[in-house]
Amino acid sequence: MLPGGRLENTVMEEDPIYPNRQGKSVYIETYGCQMNVSDSEMMTRVLKQAGYGVAADLEQADVILLNTCAVREHAEQRILGRVGQLAQCRVRKPHLLLGLCGCMAQHLRDRLLRQIPYLNLVVGPDGYRRLPELIARASEEAVIDVRLDRTEAYEDIAPVRADGVSAFVTIMRGCDKVCSFCIVPFVRGRERSLAPEAILADVRRLAASGVKEITYLGQTVNSYYHDETDFAGLLRRTEDIDGIERIRFMSPYPADMTDRAIEAMASCKKVCRHLHLPLQSASDPVLERMRRQYTVGEYRHLVRRLREAMPDLSLTTDIIVGFPGETEEDFRLTYDFLEEMRYDSAFLFKYSAREGTRAYRWGDILSEEEKNRRLEEIIALQERITVEANREWVGRIADVMVEGESRRSDSEWYGRTSQYKTVVFPRNGERPGEIVPVTIEEARTHTLVGRRAG
Ligand code: 5AD
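Q: Would you take a moment to explain a negative patch on the surface for this structure?
A: Side chains of Glu155, Glu197, Asp227 and Glu228 sit close together on the surface and give a patch of like negative charge. Along the chain, Glu197 turns up in helix α7 (residues 196-208).

Okay, here's the thing in structure tokens:
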């Protein structure tokens, strides 16, 4: 699974609208994780190939698709609110088609059409190839396509990506884990990996177009396996592609982090020294009820091996507080474990009961107040640790890949270190994509500030 909690509204392209056969244009608004961003890029290709234009903004669109997230109830509530807002656009444009795609579409299915009479289209994550015909039918009657497909990997569809030095590359889809809290296996179906040849060809094309950094994506990205190629093999083959300077991936599943993968990470210079390793809880009974397939001891041992192999590795994680039956003692174990691990940062979530999952049957036992208290406590702890971890960089030189102008000032760049830390520094003739040594002078909560070294 990917770290959630962020809401991204992504305009997929800045091209002007161009007319197609029917003169129709589409706007995709993306919510949730990076996988959804990547899916929207692929959906854009499907639609362009069918002759649709890409609308520069909502106002210009004939079709608005929301690519949605179902991982927590909060995400669904926000999206429902947004659909209501968008329905207003129809007052000015009666022919406007409104569609819900992705995980929430798959989760709520025909219930969505019953609940939202003005919705024209509901399409799950395995139905995107059929989007053109579904949209065509949707102008006649409400259309739903929530078939899951064990083999659909969209391997042959080249995503339409926004320009930049960094790109997402989906390498596997779906999830075969059985975490009792998680809706993903139900909405994204069974695990399937893309052929390495297709992935590497995509990366080579990206390198040729000037991309310097790729992030491999998958629900459990390190479970990647296709014929003879495992995740370690894929990393090693990617390392050889000229032009690509940095390789990241999101998110690995702890129990599938093999020695081979650790060795490949450590020996590939382009593989960044950052690992997002979702823990969820540091109480064994809770992990067992979550069906996470590892114990706290095994996770600790894994982190030890990783840090031994890569001393400069930064580590981030996902935590859920308030899982059904989580006692104060369980919570304390997680709290103390964050202190022990000293994660560079963490996504901290309140448990959200998702209909269809195993844990849903156990109810949402803890009160909202109690869950909030635990969440606030653990956020305060992690914020302190994050600042402390950032301060350790002050005085050191970090290799920063320039990504763009800093938000605060056009005389500063922002970029990232291999450890995924954001660094801001004064511009001095550098270009986006360049990797420059920067002396870190100051650590703010979420940003390091520095100056070019040498
Ligand atoms: N409630 C709260 N958080 C959840 N996550 C997944 N399912 C739930 C849920 N039902 C979190 C996990 C996962 C991240 C992407 O979202 O921490 O790693």
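We are not done yet, so read on.
Q: Honestly, the sheet that holds strand β5 (residues 121-123) in this entry has me stumped. Any pointers?
A: Strand order in the open sheet formed by six strands is β2-β1-β3-β4-β5-β6, with parallel pairing between adjacent strands. Of all the strands in the sheet, the pair left with one neighbour each is β2 (53-54) and β6 (143-145). Inspection of the sheet shows strand β1 (residues 25-30) paired to β2 by two bridges, in the parallel sense. Its bridge partner lying in β2, Val26 is registered against Val54. Along the sheet, helix α4 (residues 103-115) contacts β3 (63-68), β4 (97-102), β5 and β6; its crossing angle with β4, the most-contacted strand, is approximately 135°. Helix α5 (residues 131-138) rests against β3, β4, β5 and β6 of the sheet, and its axis sits at about 160° to β5.

Q: What's the story with the side chain of Lys421 in this structure? I'm lost.
A: Take Lys421: it is sitting in the loop between β18 (412-417) and β19 (422-426). Residue Lys421 is classed as buried on the basis of its relative accessible area, which comes to 7%. Looking at Lys421, its side chain comes within polar contact range of the side chain of Asp344, at 2.8 Å. Within the structure, the side chain of Lys421 is placed 2.8 Å from the side chain of Asn390, a separation counted as a polar contact.

Q: How do you make sense of the pairing of strand β15 (residues 314-321) when you look at a structure like this?
A: Along a regular strand, successive side chains alternate from one face of the sheet to the other. Buried residues dominate β15, accounting for eight of its eight residues. Taking every second residue as pointing to the same face, both faces of β15 are buried, with Ser314, Thr316, Asp318 and Ile320 on one and Leu315, Thr317, Ile319 and Val321 on the other. Relative to β15, strand β14 (residues 274-276) runs parallel, the two being bridged by three bridges. Within the sheet, the bridge partner assigned to His276 lies in β15 and is Thr316. Pairing of β15 with strand β16 (residues 345-350), which is carried by six bridges, proceeds in the parallel orientation. When the sheet's bridge partners are listed, Asp318 is paired in β16 with Phe347.

Q: Would you take a moment to explain α7 for this structure?
A: Because each turn of an α-helix spans 3.6 residues, side chains separated by three or four positions in sequence point in the same direction. Helix length check: α7, at 13 residues, gives a terminal C-alpha distance of 18 Å against a target of 18 Å (1.5 Å per residue), a fit within 8%. All of the buried residues along α7 are Pro196, Ile199, Leu200, Asp202, Val203, Leu206 and Ala207. The buried side chains of α7 occupy one side of the element, clustering within an arc of 155° when seen end-on. For α7, exposure combined with an orientation more than 90 degrees from the buried face picks out Glu197 and Ala208.

Q: What is the right way to look at the pattern of salt bridges in this model?
A: Applying the stated criterion across every chain, the model contains 44 salt bridges. One salt bridge connects Asp364 with Lys371, and the closest N-O pair in it is separated by 3.0 Å. What makes Asp364 partly exposed here is its relative accessible area of 36%. A salt bridge links Arg373 to Glu377, with the shortest nitrogen-to-oxygen separation between them at 2.6 Å. Within this pair, Arg373 and its partner Glu377 are both found in helix α13 (residues 368-391), separated by four residues, close to a single helical turn. A relative accessible area of 24% places Glu377 in the partly exposed class. Where salt bridges share partners, they join Glu326, Glu328, Arg332, Glu370, Arg373, Arg374 and Glu377 into one cluster.

Q: For this particular structure, what's the right way to read the confidence of the model for the protein chain?
A: When pLDDT is low, close inspection of the predicted coordinates is not appropriate. On average, residues of the protein chain carry a pLDDT of 94, and 95% of them reach 70 or more. Low confidence marks residues 1-21, where pLDDT is under 50. Its contacts with residues over four positions away, or in another chain, come to 73 contacts.

Q: I tried to follow the domain arrangement of the protein chain on my own but got confused; where do I start?
A: You'll often see interface size given as the accessible area lost when the parts meet. Partitioning the protein chain into domains gives domain 1 (6-145), domain 2 (164-272), domain 3 (284-391) and domain 4 (397-452). Just the C-alpha atoms count here: the centres of domain 1 and domain 4 sit 35 Å apart.

Q: Before we go on, may I ask you to explain the packing of helix α1 (residues 34-49) against α5 in this structure?
A: Two packed helices can be described by the angle between their axes and the distance between those axes. At a closest axis distance of 9 Å, the pairing of α1 and α5 adopts a crossing angle of 70°. Between α1 and α5, the interaxial angle falls into the category roughly perpendicular. Counted together, Met43, Val46 and Leu47 of α1 and Leu131, Pro132 and Ile135 of α5 form the full contact between these two elements. Tallied by class, the residues present in the contact of α1 with α5 amount to six nonpolar, no polar and no charged.

Q: Sorry if this is basic, but what is going on with the sheet that holds strand β21 (residues 448-452) here?
A: Backbone hydrogen bonds are what pair the strands of a sheet, in a parallel or an antiparallel way. Around the barrel, five strands lie side by side as β17-β18-β19-β21-β20; this closed barrel has mixed pairing. This sheet shows a mean twist of 50° between the axes of neighbouring strands, independent of strand direction. Of the pairings in the sheet, the one linking strand β17 (residues 397-405) to β18 comprises five bridges and is antiparallel in character. Paired with Gly404 across the bridge in β18 is Tyr414.

Q: Could you clarify how one ought to interpret unusual backbone geometry in this entry?
A: Residues other than glycine predominantly adopt negative phi, and peptide bonds predominantly adopt the trans conformation. Geometrically, the link from Met250 to Ser251 is a cis peptide bond, its omega value of -20° lying close to zero. Here Ser251 is to be found in the loop between β13 (246-250) and α9 (259-267).

Q: Please explain the packing of aromatic side chains as it appears in this structure.
A: The geometry of an aromatic ring pair is captured by the separation of the ring centres together with the interplanar angle, meaning the angle of the planes. In the structure shown here, the tally under the stated rule is 10 aromatic pairs. Each ring, one from Tyr128 and one from Tyr154, has its centre 6.1 Å from the other, and the planes form 20°; the classification is stacked. With a gap of 26 residues between them, Tyr128 in the loop between β5 and α5 and Tyr154 in the loop between β6 and β7 (166-170) connect regions that are remote in the sequence. For Tyr154, a relative accessible area of 4% corresponds to the buried category. Here Phe331 and Tyr335 contribute two aromatic rings whose centre-to-centre distance is 6.2 Å and whose plane-to-plane angle is 55°, an arrangement assigned as tilted.

Reading the values: the criteria
Residues numbered from 1 in each chain as written. Predicted model: local features only at pLDDT ≥ 70, side-chain atom pairs only at ≥ 80, totals over all residues. Heavy atoms only, no water. Patch = residues over 30% accessible without salt bridge, like charges linked within 9 Å, V, L, I, M, F, W, Y side chains within 5 Å. Areas by Shrake-Rupley, 256 points an atom, 1.4 Å probe, with all protein chains shown as cover. Salt bridge = Lys/Arg side-chain N within 4 Å of Asp/Glu carboxyl O. Lys, Arg positive; Asp, Glu negative; His and termini not counted. Charge placed at Lys NZ, Arg CZ, Asp CG, Glu CD. Helix = DSSP H or I, 4+ residues; strand = E, 2+ residues; numbered from the N terminus. Pairing = 2+ DSSP bridges. Contact = heavy atoms within 4.5 Å. Axes fitted to C-alpha atoms, helices over the stretch in contact; angles between N-to-C directions. Buried < 20%, exposed > 50% of the residue type's maximum accessible area, 1.4 Å probe, protein only. Polar contact = N/O pair within 3.5 Å; in protein donor to acceptor, adjacent residues only side chain to side chain. Expected span 1.5 Å × (residues − 1). Arc of directions from axis to C-beta. pLDDT = per-residue confidence, 0-100. Domains from an automatic or database assignment. Parallel < 35°, antiparallel > 145°, perpendicular 65-115°, else oblique. Nonpolar A, V, L, I, M, F, W, Y, C, P; charged D, E, K, R; others polar. Phe/Tyr/Trp six-rings, centres within 6.5 Å; stacked < 30°, edge-to-face > 60°.

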